[in-house]
Amino acid sequence: FLGAGGGNDIQWCFSQVKGAVDDDVAEADIISTVEFNHSGELLATGDKGGRVVIFQQEQENKTQSHSRGEYNVYSTFQSHEPEFDYLKSLEIEEKINKIRWLPQKNAAQFLLSTNDKTIKLWKISERDKRPEGYNLKEEDGRYRDPTTVTTLRVPVFRPMDLMVEASPRRIFANAHTYHINSISINSDYETYLSADDLRINLWHLEITDRSFNIVDIKPANMEELTEVITAAEFHPNSCSTFVYSSSKGTIRLCDMRASALCDRHSKLFEEPEDPSNRSFFSEIISSISDVKFSHSGRYMMTRDYLSVKIWDLNMENRPVETYQVHEYLRSKLCSLYENDCIFDKFECCWNGSDRQVEFLSLCTSDLSSIVMTGSYNNFFRMFDRNTKRDITLEASRENNKPRTVLKPRKVCASGKRKKDEISVDSLDFNKKILHTAWHPKENIIAVATTNNLYIFQDKMN
Amino acid sequence: MLGKGGKRKFDEHEDGLEGKVVSPTDGPSKVSYTLQRQTIFNISLMKLYNHRPLTEPSLQKTVLINNMLRRIQEELKQEGSLRPMFVAASQPADPLSDNFREAQPAFSHLASPPLLPTDFVSTMPLESCLTPASLLEDDTFCTSPAVQHDGPTKPPPPALQPVKDSFSSALDEIEELCPAPTSAEAVAAESAADDSKAQPIESNIHKPEGLPESRTAESKLMDPLPGNFEITASTGFLTDLTLDDILFADIDTSMYDFDPCTSATGAASKMAPVSADELLKTLAPYSSQPVTPNQPFKMDLTELDHIMEVLVGS
């Protein structure tokens, strides 16, 4: 794994942790999604209780040049409420499945948040001034007796304590029979897609009463259903291209220009199964839990249960790179099936875009390309695509002082356990890191444990 | 599902079932492979059974578990087809659905489950303590008379007569392959010889202590699960998820009702009416002949008729 030193190797330090300290986790506090906005100034989290919490980075303190600004709570609001489907006699969870930021167009910020059934566009705006000096109203709002008014004045804006308001501007409902797993904003910034288990719909951000169905894999006879959609994303540059992944480990790239209903893919990405690794659980562990395009759009990354794969969009028959996240779990699949951990949906992310330039460049050695994903025992993993080195780190309140470099962790798969190594059997499978995010420009990462949000940054010299 | 064929020590503990899949064609390793498969099948069923969500269960999870069950069933079907096939009963599903209706009245509003007779009968040789009623039904509808000379054996349909030899040899095969056979196979093997061997049946039941689950799984496999499973798969995805519970609760109960393997006495007692009935049938064609040989049986006729009616639910 990554050793110390090396010019380009990042040394990660603990920066902050948000959330309750006690071990007793309230269900509503379970973090279900984490997302930086396009500038990295804002960091949003969604939880199982339907709330969105947005953190804002402090402006860099010029005197404290050795650390970047801290993230503090900027806004908290209840995005979704639990609902009841009377037809099916089932609850609709308010858990926030995904948050996606819109690029900033004016002073306000906009984000899409979704639960299983409904997507909402939220406007987050600041109010730091308020008009004062009304003629007919007192400052507290009471009306003045007009007979007491002797002079007229023009109300002026005066500063007030910053107030951040979140208001739902659009509600996109009733378009999904099945559970929404992904939303993705198109590069045209006018449309976005939402994907559930069997269908993908295309929306216009301004129009809430209709959406276009662009993918439908529901079979005529539900008994024949053997595959579901697990994730979908628009291409970062091509506004007619998107991909969706399936529970059978395939990724389909579709072009909306080809036909209205993109049931026929333009490309099908699938790696043939390795016969030596075949088991009862081959299909389940091949199910893709996340798909993310690289910033350039030339590659895409997929996460399945045990690995991260990098695909070149020009090559469909196999990934160009495969990274093993926790291969030591391969011999535990039966237990993990029994306790349902095998169905955990890990996400993955690329490092920030400013550091990746994948078009033809002479200076490729300076360009870092790192991917990150979570694992169990509050471990998370990073793979450096250039150096081919990887590192395992732990998100934990213990031994985490600011600006102390995180110690790499190692899991001992079998045999003698070395000092500081952790054996597979002592891993805590309840402590899983499913959601991670990388600041778009800096080496700052947000890592969500069950109910805590950790922020790490690289050591600035 | 052929793995590399690496041999592993059989380990009753869960973790012993981990690791690479053993090739099912390996001799002694076949046991652990079969055991692993049974365990996974069991676990999969439990997951679909026991889910009582307030919210809709994850479709992805349901689909993956269903695929797992289907794959295992396919495997069993193929393995079953290596054994002598029973001729598909002409009346596929109704008798069994009748049985199910008895067990669970709530089931009756569903269409008769599309039980695949080939699925069912092809797996029969592996487990002889099946729902005896179903066997009776097969006998009822099989027209060709056949003389069964092996007395207290479970009665294969008369149409099986031509392949009977290969059937018993198949049973021997099973015995060979599985040194620690499930009680089902033990019953099949044992009963081929003598019905009075309730003793060995009992001992086989108690011997592999860690295996009751697998035996239940085995009998679950033998039940007309394929058909019901098809229904369940669809209703699992339909909006009315409560059907799921009814169906699976259905299977559960019926298994305990009809599974003689779970109790030694059950095994013995269930075998009795079967054998008597089987005698009845073999002698039926001869009813037109001189009555004298059948005299001793006439008195039991109505009694057996009654029993049959109850079992069939007609």
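Everything discussed here concerns the structure shown above.
In this text the structure is predicted, and so the values were computed from the model without any measurement.

### Some thoughts on the overall build of chain B
Secondary structure assignment for chain B yields 13 helices and zero strands. Taken from N to C terminus, the helices and strands of chain B fall in the order α-α-α-α-α-α-α-α-α-α-α-α-α. By the burial criterion, 52% of the 314 residues in chain B qualify as buried. Across chain B, contacts joining residues at least 24 apart in sequence account for 67% of those joining residues at least 6 apart. In the structure as shown, chain B presents an accessible area of about 13500 Å², 59% of it carried by carbon and sulfur atoms.

### A closer look at the sheet that holds strand 2 (residues 31-36) of chain A
All names here are of chain A. Spatial strand order, 2-3-4-5: four strands in an open sheet with antiparallel pairing. On the outer flanks of this sheet lie strand 2 and strand 5 (71-78), each paired with one strand and no other. The sheet shows a mean angle of 20° between the axes of neighbouring strands, taken without regard to direction. In this structure, strand 3 (residues 42-47) lies alongside strand 4 (residues 51-57), joined through five bridges in antiparallel fashion. By the bridge assignment, Ala-44 is partnered in strand 4 with Ile-54.

### Describing the pattern of salt bridges
For the coordinates displayed, the defined rule picks out 36 salt bridges over all chains. Note that Lys129(A) is salt-bridged to Asp128(A), the shortest N-O span being 3.4 Å. For Lys129(A), a relative accessible area of 44% corresponds to the partly exposed category. Taking relative accessible area as the criterion, Asp128(A) reaches 34% and is therefore assigned partly exposed. Where Arg71(B) meets Glu283(A), a salt bridge forms, and the shortest distance between an N and an O atom there is 2.5 Å. Residue Arg71(B) is located in helix 2 (residues 59-82), and its partner Glu283(A) is located in helix 1 (residues 282-286); the two belong to separate chains. One network of salt bridges, in which partners are shared, links Asp29(A), Asp47(A) and Arg51(A).

### Observations regarding the side chain of His179(A)
When you line up the elements, His179(A) lands in the loop between strand 11 (156-172) and strand 12 (182-185). Looking at His179(A), the relative accessible area reads 16%, which means it is buried. If we skip the residues at most four places from it in the chain, His179(A) touches Asp116(A), Lys117(A), Ala195(A), Asp196(A), Asp197(A), Glu56(B) and Pro57(B).

### Observations regarding the pairing of strand 4 of chain A
All names here are of chain A. Of all the seven residues making up strand 4, five are buried; the element is thus mostly covered by neighbouring parts of the structure. Taken together, strand 3 and the strand that follows it, strand 4, pair antiparallel across an intervening segment of three residues, in which Gly-50 is found at a positive phi of about 85°. Where strand 4 meets strand 5, seven bridges bridge the pair, whose relative direction is antiparallel. By the bridge assignment, Ile-54 is partnered in strand 5 with Ser-75.

### Digging into helix 1 (residues 29-50) of chain B
In this model, helix 1 of chain B (22 residues) spans 31 Å end to end at C-alpha, consistent with the 32 Å of a helix rising 1.5 Å per residue. Of all 22 residues in helix 1 of chain B, 20 are buried; the element is thus mostly enclosed.

### A short note on the environment of Cys262(A)
Residue and element names in this part refer to chain A. If you trace the backbone, Cys-262 turns up in the loop between strand 18 (251-255) and strand 19 (267-269). On the accessibility criterion, Cys-262 (2% relative accessible area) is buried. As a C-alpha pair, Cys-262 and Ile-217 span 45 residues in sequence and 10.0 Å in three-dimensional space. In this structure, Cys-262 is in contact with Ile-214, Val-215, Phe-242, Cys-254, Asp-255 and Met-256, ignoring residues within four places of it in sequence.

### What to know about the side chain of Asn115(A)
Residues and elements named next belong to chain A. For Asn-115, the position within the fold is in the loop between strand 9 (109-114) and strand 10 (119-132). At 3.1 Å, the side chain of Asn-115 forms a polar contact with the backbone oxygen of Glu-93. A polar side-chain atom of Asn-115 sits 3.0 Å from the main-chain amide nitrogen of Lys-117.

### Details of the packing of aromatic side chains
Considering all chains together, one arrives at 21 aromatic pairs over all chains under this definition. Residues Tyr305(A) and Phe346(A) carry aromatic rings whose centres are separated by 6.3 Å and whose planes lie at 50° to one another, so their mutual orientation is tilted. Within this pair, whereas Tyr305(A) is found in the loop between strand 21 (299-303) and strand 22 (307-312), its partner Phe346(A) is found in the loop between helix 2 (333-338) and strand 24 (348-350), the two being separated by 41 residues in sequence. Three or more aromatic residues link up through ring pairs in this structure, and these residues are Phe14(A), Phe380(A), Tyr454(A) and Phe456(A). The residue whose ring lies beneath Lys137(A) is Tyr134(A), and the NZ or CZ to ring-centre distance is 4.9 Å. Over the face of the ring belonging to Tyr337(A) we find Lys47(B), whose NZ or CZ atom lies 5.2 Å from the ring centre.

### Comments concerning the nonpolar core
In this structure, Phe281(A), Tyr305(A), Leu329(A), Tyr337(A) and Ile342(A) are the most contacted members of the largest nonpolar core, which totals 37 residues. Contributions of two or more residues to this core are made by helix 1 and helix 2 of chain A together with helix 1 and helix 2 of chain B. At seven residues, the largest contribution of residues to this core is made by helix 1 of chain B. Residues within four places of Leu329(A) in sequence aside, it is in contact with Tyr305(A), Leu306(A), Leu336(A), Tyr376(A), Val424(A) and Phe429(A). One finds Phe14(A), Phe380(A), Leu406(A) and Trp438(A) within the second-largest nonpolar core, a separate group that totals 18 residues.

### Section: the interface of chain A and chain B
Contacts between the two partners involve 38 residues from chain A, matched on the other side by 37 residues from chain B. When residues of chain A are sorted by the area they lose upon contact with chain B, Glu223(A), Phe280(A) and Tyr337(A) head the list and together hold 23% of the total. At the boundary of chain A with chain B, the tally comes to three salt bridges. The shortest N-O distance in the salt bridge between Asp340(A) and Lys61(B) comes to 2.6 Å. At the boundary of chain A and chain B, one finds 12 residue pairs in polar contact (both at pLDDT 80 or more). For the side of chain A that touches chain B, the elements supplying multiple residues, two or more each, are strand 7 (90-92), helix 1 and helix 2 of chain A. When residues of the side of chain A that touches chain B are assigned to their parent elements, the largest contribution, five residues, is made by helix 2 of chain A. The residue inventory of the side of chain A that touches chain B, partitioned by class, reads 13 nonpolar, 11 polar and 14 charged.

### Looking at the pairing of strand 10 of chain A
Residue and element names in this part refer to chain A. Of the strand pairs in this sheet, strand 9 and strand 10 are connected by six bridges, and their pairing is antiparallel. Across the sheet, Ser-113 pairs through a bridge with Lys-120, a residue of strand 10. Bridging between strand 10 and strand 11 involves 13 bridges; their strand directions are antiparallel. Bridge pairing links Glu-132 to Val-156 in strand 11.

What counts and how
Residues numbered from 1 in each chain as written. Chains lettered and ligands numbered in written order. Predicted model: local features only at pLDDT ≥ 70, side-chain atom pairs only at ≥ 80, totals over all residues. Heavy atoms only, no water. Helix = DSSP H or I, 4+ residues; strand = E, 2+ residues; numbered from the N terminus. Buried < 20%, exposed > 50% of the residue type's maximum accessible area, 1.4 Å probe, protein only. Contact = heavy atoms within 4.5 Å. Areas by Shrake-Rupley, 256 points an atom, 1.4 Å probe, with all protein chains shown as cover. Pairing = 2+ DSSP bridges. Axes fitted to C-alpha atoms, helices over the stretch in contact; angles between N-to-C directions. Salt bridge = Lys/Arg side-chain N within 4 Å of Asp/Glu carboxyl O. Expected span 1.5 Å × (residues − 1). Polar contact = N/O pair within 3.5 Å; in protein donor to acceptor, adjacent residues only side chain to side chain. Phe/Tyr/Trp six-rings, centres within 6.5 Å; stacked < 30°, edge-to-face > 60°. Lys NZ or Arg CZ within 6 Å of the ring centre and 35° of its normal. Core = buried A, V, L, I, M, F, W, Y, C linked by side-chain atoms within 4.5 Å. Buried area = accessible area lost by both parts, 1.4 Å probe. Nonpolar A, V, L, I, M, F, W, Y, C, P; charged D, E, K, R; others polar.

Fair warning: the whole summary comes from geometry, so function is off the table for now.
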